[in-house]
Amino acid sequence: MTRLAHIADLHFGDEDPSLVADFLTRLPEAGVDVVVVAGDLTQTGSRREFALAADFLAAIDPPVVLTPGNHDTPLLDIASRLTRPWRRLQSAMAAHATPRFADDDIHIESFNSARGAQFRLDWSLGVISRRKLAAPIKALSESPAGTRILTAHHPILSPLENRGRARTRRAPRFAQQIAETADLVLTGHLHQHFACPVDTGARTSWFVGVSTAFSSRTREEAAGFNLIDISDTHFDLHRFDAVDHDGGKRFEQTGETRLDRQ
């Protein structure tokens, strides 16, 4: 069995230190094999925030698979945002994270659904391009691993059905192709836990979201993360939420769901 930790929307620069410390304490105790970070490591994409995020990732022993989020572009440096939106992230994260991971049991690929700028008013929304998706889809389709996993920051399928903050451009067009290739799709952005199934005929693919990990930028849900146990027949999804504790906060498990793969 393989165990993943699924976190997103860390928003360093607006993080709760008690939650960061609690997560790092729990990680080795939980026996996590791989950590998937589904974007938004920082709040404004500043060098200071990336340094904080790098320190956090450096404290993690298991491999880390990382995909960028819309908050990981420089908010105040418009020139960099337009021409080199991911330079700071790549420089700070290169020693601590990778865009992919593979062993005999699982294969994880990431792709970038965020943009530094777009031809629409809301630059925070996601975009799926055939070009950026092609390589990870090809790698997963050719993988001999028993479980194939794709991660991106923005939702591809969610309970919001591509409305509001879930309006990821071209997601409806590519959702079925992704489901036919990936057994599990891990995303963030909405600060919301969910698990949406897609029946491909041969099996069920699961699209799973998670709340913000550490920040005060909560919406309807508390900060939280997922632990996901992978077996041949199903995924066990363990949900953790932040609760008040002794003047600070810590995570507690608040739910467990079996996601059948057949």
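Residues numbered from 1 in each chain as written. Predicted model: local features only at pLDDT ≥ 70, side-chain atom pairs only at ≥ 80, totals over all residues. Heavy atoms only, no water.

(A) The arrangement of the sheet that holds strand β1 (residues 2-7) in detail. In spatial order, the strands read β3-β2-β1-β10-β11-β12; together these six strands make up an open sheet with mixed pairing. The open sheet is flanked by β3 (64-67) and β12 (248-260), the only strands paired with a single partner. Neighbouring strand axes in the sheet, compared pairwise and without regard to direction, differ in orientation by 20° on average. When strand β10 (residues 224-230) meets strand β11 (residues 234-245), the two strands line up antiparallel, connected through seven bridges. Residue pairing across strands places Phe 225 opposite Phe 240, the latter belonging to β11. Here helix α1 (residues 17-30) sits on the sheet and contacts β1, β2 (34-38), β10, β11 and β12; the angle it forms with β12, its principal contact strand, is near 50°. (Pairing = 2+ DSSP bridges. Helix = DSSP H or I, 4+ residues; strand = E, 2+ residues; numbered from the N terminus. Axes fitted to C-alpha atoms, helices over the stretch in contact; angles between N-to-C directions. Contact = heavy atoms within 4.5 Å.)

(B) Molecular detail of a positive patch on the surface. On the surface, Arg 130, Arg 169, Arg 170 and Arg 173 cluster together into a patch of positive charge. For Arg 173, the position within the fold is in helix α6 (residues 171-181). (Patch = residues over 30% accessible without salt bridge, like charges linked within 9 Å, V, L, I, M, F, W, Y side chains within 5 Å. Areas by Shrake-Rupley, 256 points an atom, 1.4 Å probe, with all protein chains shown as cover. Salt bridge = Lys/Arg side-chain N within 4 Å of Asp/Glu carboxyl O. Lys, Arg positive; Asp, Glu negative; His and termini not counted. Charge placed at Lys NZ, Arg CZ, Asp CG, Glu CD.)

(C) Spotlight on the pattern of salt bridges. Under the counting rule described, the total for this entry stands at 13 salt bridges. Taking the shortest distance from any N to any O, the salt bridge between Arg 100 and Glu 109 comes out at 3.2 Å. Each of Arg 148, Asp 183, Arg 203 and Arg 261 takes part in a single network of salt bridges with overlapping partners.

(D) Local environment of the pairing of β1. Of all six residues that make up β1, six are buried, and the element is covered over most of its length. In β1, alternate side chains face the same way, and those of Thr 2, Leu 4 and His 6 on one face and Arg 3, Ala 5 and Ile 7 on the other are all buried. Pairing of β1 with β10 involves five bridges; the strand directions are antiparallel. Its bridge partner being in β10, Thr 2 is matched across the sheet by Ile 230. Pairing analysis gives four bridges linking β1 to β2, with the strands arranged parallel. (Buried < 20%, exposed > 50% of the residue type's maximum accessible area, 1.4 Å probe, protein only.)

(E) Representation of the pairing of β12. For β11 and β12, the ladder comprises 12 bridges, and the chain directions are antiparallel. Counterpart to Phe 235 in the pairing with β12 is Leu 259. As consecutive antiparallel partners, β11 and β12 are separated by two residues, and within that stretch Asp 246 has a phi angle of approximately 50°, a positive value.

(F) Summary view of the packing of helix α5 (residues 130-141) against α6. At a minimum axis separation of 10 Å, α5 and α6 run at an interaxial angle of 20°. As summarised for this structure, α5 and α6 are arranged roughly parallel, according to the angle between their axes. The element α5 and its partner α6 pack so that their crossing is left-handed. Residue-level contacts link Arg 130, Leu 133, Ile 137, Leu 140 and Ser 141 of α5 to Phe 174, Gln 177, Ile 178 and Thr 181 of α6. Residues of the contact of α5 with α6, tallied by class, amount to five nonpolar, three polar and one charged. (Parallel < 35°, antiparallel > 145°, perpendicular 65-115°, else oblique. Left-handed = near helix turned anticlockwise from the far one by under 90°. Nonpolar A, V, L, I, M, F, W, Y, C, P; charged D, E, K, R; others polar.)

(G) Geometry of the packing of aromatic side chains. Counted by the stated rule, this structure contains eight aromatic pairs. Pairing Phe 23 with Phe 225 gives two aromatic rings, centres 5.1 Å apart and planes at 90°, and the pair type is edge-to-face. Separated by 202 residues along the polypeptide, Phe 23 in helix α1 and Phe 225 in strand β10 bring together distant segments of the chain. In this pair, the class of Phe 23 matches that of Phe 225, namely buried. Aromatic pair Phe 56 and Phe 214: ring centres 5.3 Å apart, planes at 75°, arrangement edge-to-face. Of the two residues, Phe 56 is situated in helix α2 (residues 47-58) and Phe 214 in the loop between β9 (204-209) and β10; the sequence distance between them amounts to 158 residues. Phe 56 sits in the buried class, given a relative accessible area of 3%. A network of ring pairs unites the aromatic residues Phe 12, Phe 23, Phe 56, Phe 214, Phe 225, Phe 240 and Phe 251 as a single cluster. (Phe/Tyr/Trp six-rings, centres within 6.5 Å; stacked < 30°, edge-to-face > 60°.)

(H) How the structure looks around the side chain of Arg 115. Turning to its location among the elements, Arg 115 is positioned in the loop between β5 (106-110) and α5. This buried residue, Arg 115, is left without a salt bridge; Asp 72 holds the nearest opposite charge, at 12 Å. Among the polar contacts made by the side chain of Arg 115, one reaches the main-chain carbonyl oxygen of Asn 112 at a distance of 3.1 Å. Residues contacting Arg 115, with those up to four places away along its chain left out, are Thr 73, Trp 86, Trp 123, Val 127, Ser 129 and Lys 132. (Polar contact = N/O pair within 3.5 Å; in protein donor to acceptor, adjacent residues only side chain to side chain.)

(I) The nonpolar core, seen in detail. Among the nonpolar cores identified, the biggest contains 30 residues, and Ile 7, Phe 23, Val 35, Val 37, Phe 56, Met 93 and Phe 214 are the most heavily contacted of them. Counting residues per element, the ones that place at least two in this core are β1, α1, β2, α2, β3, α4 (87-93), β10 and β11. Among the elements that make up this core, the one with the highest residue count is α2 (five residues). Once you skip the residues sitting within four places of it in the chain, Phe 214 turns out to touch Asp 9, Leu 10, Phe 12, Asp 14, Glu 15, Asp 16, Leu 19, Val 20, Phe 23, Phe 56 and Phe 251. (Core = buried A, V, L, I, M, F, W, Y, C linked by side-chain atoms within 4.5 Å.)

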